[in-house]
Structure formats: structure tokens, C-alpha cells
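The residues making up each chain are set out below.
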Amino acid sequence: MKISIRIIFTVFLLHAVMFDVNAQKQINITVAQDGTGNYKTVQEALNKVPTDNKIPFIIHIKNGVYKERLILDTRKNFVTLIGEDKNKTILTYDNHAGLKLANGDTINTWSSASFFIYADNFTAENITFQNNAGFTAGQATALFVFGTREAFKNCRMIGFQDVLFCSGQGTLQYYENCYIEGTTDFIFGPATAVFNHCEMHSKKNSHVTAASTPREIPYGFVFFDCKLTADSGLNKVSLGRPWQPNASVTYIHCYIGSHIIPEGWSNWKNPDNEKTARFAEYENSGPGANITSRVSWSRQLTKEEFEQKYTIKKILGDWNP
């Protein structure tokens, strides 16, 4: 009799535990520098995400300037960061190329980021991501986005050279209502990334993008209904140059300011890139959108191409951010 009761009690406990786990739909924690949250630093919160996580892990970040070199490891998936105010919730660091890491390695473009995101299914809202190394620091990335299905909404990416590294070949990324500010190649990398209603602000006569799209990947950076602006006095900025020969960048229904050169694009001082780079535009507006002097190796999409190939669903597939 005692054994039967013990077995029944054990089964009851197992069912209770299973029910509790299944009932837990998401986890919410808060980061606040003043101690009113669960943690005072963002990295502490990221460390609490379980490996092989499968449920939404939501981290609310209260206003403050968090100077941290952040890493979200591979397999710590389904994380969402929500800032209190995009202008006052600032994640920042100041590494740049040429400095030394604690282990003695020299920092380069790939290791200069303020925030490294390796996990998949990441989302950020209402946050400023910054690298404030300075105008003359060289490569100094704010965001290194390596995972796939990564979405950023109502965020700011601030820095100078190489601000937003859309890394990870074949990965999918989405940016909506974001403000991205930098000097040279401040949006770059091999990922497939959609920018929807974003503003790209240039702070130097240089290049907005430097895509390195692999040849077999049909889409690189695609800008829908975006706005290209610049500091006053700038007039020699290109829409992009190919970091790799098959770079793919397309601007659709964007406002292009007068800082963009009439030729539009740069071949990165390599005429061979003109044979392979995939640079295109469609029905843009603004003083920099005049296509009469565009380089001959860029192209204007046809209406049929736009309607059949350049929709967000076509580019991102089954993923709906």
C-alpha cells in the first residue's frame, strides 16, 4: 500500500512539473543600473539565457548608458531586448581596430564590435547601439549580427566606420524604422538584410554600404522607403561599393539626398567589380536620385522585376519579422 501511494505521488509530481514547464510561455527580466531590476548590467541578463533556449526570453532595459562589450552566444536563441526609450537606452563600447584585447589579440573589424549577436531569432526594440571610438579610429563596429532571423525595430545604430556588420552568409535580417549613422561602409557584410522605412545618415564623404554578398545568394541589402541624409557640406558619398565582387544592394522608393554622387556607385577602384556587382535602383526620389549620370554597370529595375522579385516576403521567405 505504501509503495502504491509513493508511486501515485511521484507520478503526480512529474505531471505537475511538466505542466509548469509547458505553461511557461515566456520569461521576462529587467535590467536597471539603479538596482530596481533583476540585474544591473546587460551582460548579466544575457548570461541567464539558457543554452538551446526555445521560449521567448524578454529582457527589458531601463534608460541608461551601459558601457559593456556584449556577447549573445550561439544557441541562446529567441531573445528580445526592449529598451525604455531608444534615445536614452544606450548600449555602447569604444573598441576599434589596432587596440589589444585582454588576451593580447589585436582588434580588427570582426572583433571590434560593441555587441556580438551569434544566436538566432533575436529581436531588439527601442535601443541605441553605439561604438563611440571616434571619427579617426578606423574600423569600430557597433553591432556584429551573425545569427539568422534577427529583427531590429525603432533602434539607432551610431558610430563612424563599419557601424553595422550584417554578418553571416545566407542569414536573414530585418531593420524597421531604424536610424543608422556613420562615415565609411557603415552598413556592410554578406547577409540578406531588408531595411524598411529607415534613415541612413552619412557623416563623411565616403560610402554608405559595402556588401559582400556571396554569388549564390540572390539578395544582399534591400532598402524599401528609406531616407538617405548627411551632415551639411557633404557631396561625395556613394550608395555603395562592393566589398566582394558579387555584392548586391538595391534601393527601392527611397529618398536620396544631394550628398550622393551623380554616378551613384563606386567600383572600389577595381574595374573587374563592374562585371559582377549587383547594384540596382527603382523609382527613388530626391536630389540624389537622378539616374542620368549613373554608372553604366548599375541598373534600374523594371516594374515586372520589382513586382515579382522585390517584395519583403520574396526576400525573407517564410520568416515574417
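Data block above holds the structure.
None of the values given here were measured: they were computed from a predicted structure. Each residue is numbered by its place in its chain's sequence as written, counting from 1. With pLDDT at 70 or above as the cut-off, local features in this predicted model cover only qualifying residues; side-chain atom pairs require 80 or more to be listed or tallied, and sums for whole chains, interfaces and linings still use all residues. Side-chain measures here rest on the full set of heavy atoms in the structure, leaving out hydrogens and waters.

Brief notes about the overall build of the chain
Segments assigned H or I by DSSP are reported as helices when at least four residues long, segments assigned E as strands when at least two residues long, and all are numbered from the N terminus. Check the secondary structure of the chain and you find 4 helices and 25 strands. Across its three principal directions, the C-alpha atoms of the chain cover 90 × 45 × 35 Å. Buried, partly exposed and exposed residues are distinguished by accessible area as a fraction of the type maximum, computed with a 1.4 Å probe on protein chains only: under 20%, between the cut-offs, and over 50%, respectively. Burial statistics for the chain: of 321 residues in total, 52% are counted as buried. Sequence separation of 24 or more characterises 66% of the internal contacts of the chain that already satisfy a separation of 6 or more. Here the open area of atoms and residues is found with the Shrake-Rupley method and a 1.4 Å probe, where only the protein chains shown may cover a residue. Accessible surface computed for the chain: about 15,200 Å², of which carbon and sulfur atoms make up 51%. Charge counting treats Lys and Arg as positive and Asp and Glu as negative, with His and both chain ends excluded. Think of each charge as sitting on NZ of Lys, CZ of Arg, CG of Asp or CD of Glu. Averaging the positions of the 32 positive and the 30 negative side-chain charges in the chain gives two centres separated by 4 Å. Note on definitions: a residue-residue contact is assigned when non-hydrogen atoms from the two residues lie within 4.5 Å.

Notes on the environment of glycine 286
Inspection of the secondary structure puts glycine 286 in the loop between strand E24 (278-282) and strand E25 (299-300). With 236 residues separating them along the chain, glycine 286 and proline 50 place their C-alpha atoms 48 Å apart. In this view, glycine 286 contacts Tyr255 and Ile256; residues no more than four positions away in its chain are not counted.

Topic: the pairing of strand E14 (residues 172-176)
Buried residues dominate E14, accounting for 4 of its 5 residues. Here, a strand pair is defined by DSSP locating no fewer than two bridges between the strands. Strand direction decides the pairing type here: strand E11 (residues 150-153) and E14, joined by 4 bridges, are parallel. Note on E14: the bridge partner recorded for phenylalanine 152 is tyrosine 175. As judged from the 5 bridges shared by E14 and strand E17 (residues 192-196), these two strands associate in the parallel manner. By the bridge assignment, leucine 172 is partnered in E17 with threonine 192.

A word on the sheet that holds strand E20 (residues 221-224)
Think of a sheet as strands paired side by side through backbone hydrogen bonds, with each pair either parallel or antiparallel. Here 11 strands make up an open sheet; going across it, the order is E1-E2-E5-E8-E11-E14-E17-E20-E22-E24-E25 and the pairing parallel. Pairing within the sheet leaves two strands with one partner each, and these edge strands are strand E1 (27-31) and E25.

Quick look at the layout of surface pockets
Cavities and pockets were defined on a 1 Å grid built over protein atoms only: a cavity is a set of grid points that admits a 1.4 Å probe from which the probe cannot escape, a pocket is an open set flanked by protein on both sides within 12 Å along at least five of seven lines, and lining residues are those with an atom within 4 Å of any such point. Grid points are joined across faces, edges and corners, and a volume is the space filled by probe spheres set on the points. For the largest pocket, the calculated volume is near 180 Å³. The wall of the largest pocket is formed by Pro218, Tyr219, Ser248, Thr250, Arg278, Phe279, Ala280, Arg299, Leu301, Glu305, Lys309 and Tyr310. Counting residues per element, the ones that place at least two in the lining of the largest pocket are strand E22 (248-252), E24 and helix H3 (303-309). Of all the elements, E24 adds the most residues to the lining of the largest pocket, at 3 residues.

A short note on the sheet that holds strand E12 (residues 156-158)
Reading across from one edge, E3-E6-E9-E12-E15-E18-E21-E23 is the order of the 8 strands in this open sheet, with parallel pairing throughout. Two strands bound the open sheet, and with one partner strand each, they are strand E3 (64-67) and strand E23 (255-256). Both strand E6 (residues 89-93) and strand E9 (residues 128-131) contribute to a ladder of 4 bridges, which runs parallel. Considered in E9, the bridge of leucine 91 is made with phenylalanine 129.

Quick word on the nonpolar core
Within the largest apolar cluster, 61 residues are counted, with the highest numbers of intra-cluster contacts made by Phe115, Phe152, Tyr175 and Phe195. Once you skip the residues sitting within four places of it in the chain, phenylalanine 115 turns out to touch Leu46, Leu70, Ile71, Leu72, Leu81, Leu91, Phe122, Phe129, Ala142, Leu143 and Phe144. Definition used in this section: a nonpolar core is a set of buried Ala, Val, Leu, Ile, Met, Phe, Trp, Tyr and Cys residues joined via side-chain atoms within 4.5 Å. Counting residues in each nonpolar core, the second largest holds 16 residues, with Tyr282, Tyr310, Ile315 and Trp319 among its members.

Concerning the environment of tyrosine 310
With respect to the element layout, tyrosine 310 can be found in the loop between H3 and helix H4 (312-316). Sequence separation between tyrosine 310 and valine 222 is 88 residues, and the spatial gap between their C-alpha atoms is 8.4 Å.

As for the packing of aromatic side chains
To pair, rings of Phe, Tyr and Trp, with the six-membered ring standing in for Trp, must have centres within 6.5 Å; the planes then decide the type, stacked if under 30 degrees apart, edge-to-face if over 60, and tilted in the middle. Evaluation of the coordinates by the stated rule reveals 26 aromatic pairs. When the ring of phenylalanine 135 is compared with that of phenylalanine 160, the centres are 6.1 Å apart and the planes differ by 80°; the resulting orientation is edge-to-face. Linking phenylalanine 135 in the loop between E9 and strand E10 (143-145) with phenylalanine 160 in the loop between E12 and strand E13 (164-166), this pair joins segments that are 25 residues apart in sequence. With relative accessibility at 46%, the residue phenylalanine 135 sits in the partly exposed group.

Some remarks on the pattern of salt bridges
A side chain of one charge can pair with a side chain of the opposite charge if their charged atoms are brought near each other. Criterion for a salt bridge: a side-chain nitrogen of Lys or Arg within 4 Å of a carboxyl oxygen of Asp or Glu. Using the criterion set out here, one finds 7 salt bridges in the structure. Close ionic contact of aspartate 185 with arginine 241 constitutes a salt bridge, the shortest N to O distance being 2.7 Å. Taken as a pair, aspartate 185 in the loop between strand E15 (179-182) and strand E16 (187-189) and arginine 241 in the loop between strand E21 (227-230) and E22 lie far apart in primary sequence, 56 residues in all. On the basis of relative accessibility, which here comes to 13%, the residue arginine 241 falls in the buried class.

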